[in-house]
Amino acid sequence: MYELFILGQLMDRPMTGYQLRKALSSVVGQELTISFGALYPLMDKLAVAGELTLAFAPGETKRPQKVATITEAGRDRFMKLALAPVTLNKQTQLTFQMKLNFLHLFSQDQRVTVLTAYQKFAIGQLDRLATHRQYLEHNTHMVAKDVQDALLVNQLQQVRAQAQADWVTALLQHVQQERESES
C-alpha cells in the first residue's frame, strides 16, 4: 500500500523522504502516516528493485537531502498497483484513498474502473453495516446499554458510509459524462 503511494507521488516530480511523508500525512491524516524508520527502508527497497533512483542533492539546509526519482519500471509498477483490485481488509479504505489521490494520473477509462471499484466497496460497506445492525438488535448476549451504544456507533458508521457512497456515485457519474462528451 505504501509502495503505491510513494510511486504515485513520484509520478509528478522527484521528492525527498520528508516531502513524501508530508504528502502522505495530508492524504491519510497524521495518525495513519508512515514513520521515517519505515519510509526510508521502503524507499531503499524500491531503489534496489529499480523502481526509483535515490541521489543526494543540496537541500535547503547545509545537509544534503536524499531525493527519489521514479524510473520507467516504477511507473509500470505504479500503474499495476493502482489498477489492481483492492482486497477487502483493514487497509481497503486507506488504499482507495490513495488511489483517489492519483486520479489525475489515469485515463478516463482507468478513472471509471477505480471509481466503480470504490463505489462497489462503499455499497458493500453499507450492506455490512446493515447486517451488523441487525446482529446488534437481536444480540441477547450483550448488556442492553452496550447494545444502545453500539447501535449509535453503527448509526454514525452508516451515515459516513452513505456519504461516501453518495460522493463516489456523483463523481463516477461526472467522470462518465466527461468520457462520453469526449467521445
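A. Representation of the sheet that holds strand S3 (residues 65–70) within the structure. Spatial strand order, S1-S3-S2: 3 strands in an open sheet with antiparallel pairing. What marks the edges here is a single partner per strand, and that holds for strand S1 (15–16) and strand S2 (52–57). Examined bridge by bridge, S1 and S3 share 2 bridges and lie antiparallel to one another. Looking across to S3, one finds that Thr-16 is bridged to Val-67. On top of the sheet, helix H3 (residues 36–48) reaches S2 and S3; it is set at about 120° to S2, its chief contact.

B. Fine view of the environment of Leu-100. Along the chain, Leu-100 falls in helix H5 (residues 92–101). Among the residues examined, Leu-100 registers a relative accessible area of 18% and is labelled buried. Along the chain, Leu-100 and Lys-90 lie 10 residues apart, while their C-alpha atoms are 17 Å from each other. Filtering out sequence-adjacent residues up to four positions away, Leu-100 remains in contact with Leu-115, Tyr-118 and Trp-167.

C. Structural context of the environment of Leu-171. Among the secondary structure elements, Leu-171 is positioned in helix H7 (residues 144–182). Once you skip the residues sitting within four places of it in the chain, Leu-171 turns out to touch Leu-103 and Leu-115.

D. A look at the packing of helix H1 (residues 2–10) against H5. Remark: H1 packs on H5, axes separated minimally by 10 Å, with the N-to-C direction vectors making an angle of 10°. For the element pair H1 / H5, the angle class is roughly parallel. Of H5, the residues touching H1 (which contributes Tyr-2, Leu-4, Phe-5 and Gln-9) are Thr-95, Met-98, Lys-99 and Asn-101. Here the residues of the contact of H1 with H5 are counted per class, giving 4 nonpolar, 3 polar and 1 charged.

E. Just the nonpolar core, in detail. Core analysis: the biggest nonpolar cluster contains 43 residues, and Ile-6, Leu-10 and Phe-78 have the highest contact counts within it. Looking at this core, the elements that each hand over two or more residues are H1, helix H2 (17–28), H3, S3, helix H4 (72–83), H5, helix H6 (108–137) and H7. If we skip the residues at most four places from it in the chain, Leu-10 touches Met-15, Leu-20, Leu-52, Ala-68 and Ile-70.

F. Up close: the confidence of the model for the protein chain. Looking at the protein chain, pLDDT values average 91 and 99% of them are 70 or higher. H2 is the least confidently modelled element of the protein chain, averaging 86 in pLDDT, while H4 averages 96, the highest of any element.

What counts as what
Residues numbered from 1 in each chain as written. Predicted model: local features only at pLDDT ≥ 70, side-chain atom pairs only at ≥ 80, totals over all residues. Heavy atoms only, no water. Pairing = 2+ DSSP bridges. Helix = DSSP H or I, 4+ residues; strand = E, 2+ residues; numbered from the N terminus. Contact = heavy atoms within 4.5 Å. Axes fitted to C-alpha atoms, helices over the stretch in contact; angles between N-to-C directions. Buried < 20%, exposed > 50% of the residue type's maximum accessible area, 1.4 Å probe, protein only. Parallel < 35°, antiparallel > 145°, perpendicular 65-115°, else oblique. Nonpolar A, V, L, I, M, F, W, Y, C, P; charged D, E, K, R; others polar. Core = buried A, V, L, I, M, F, W, Y, C linked by side-chain atoms within 4.5 Å. pLDDT = per-residue confidence, 0-100.

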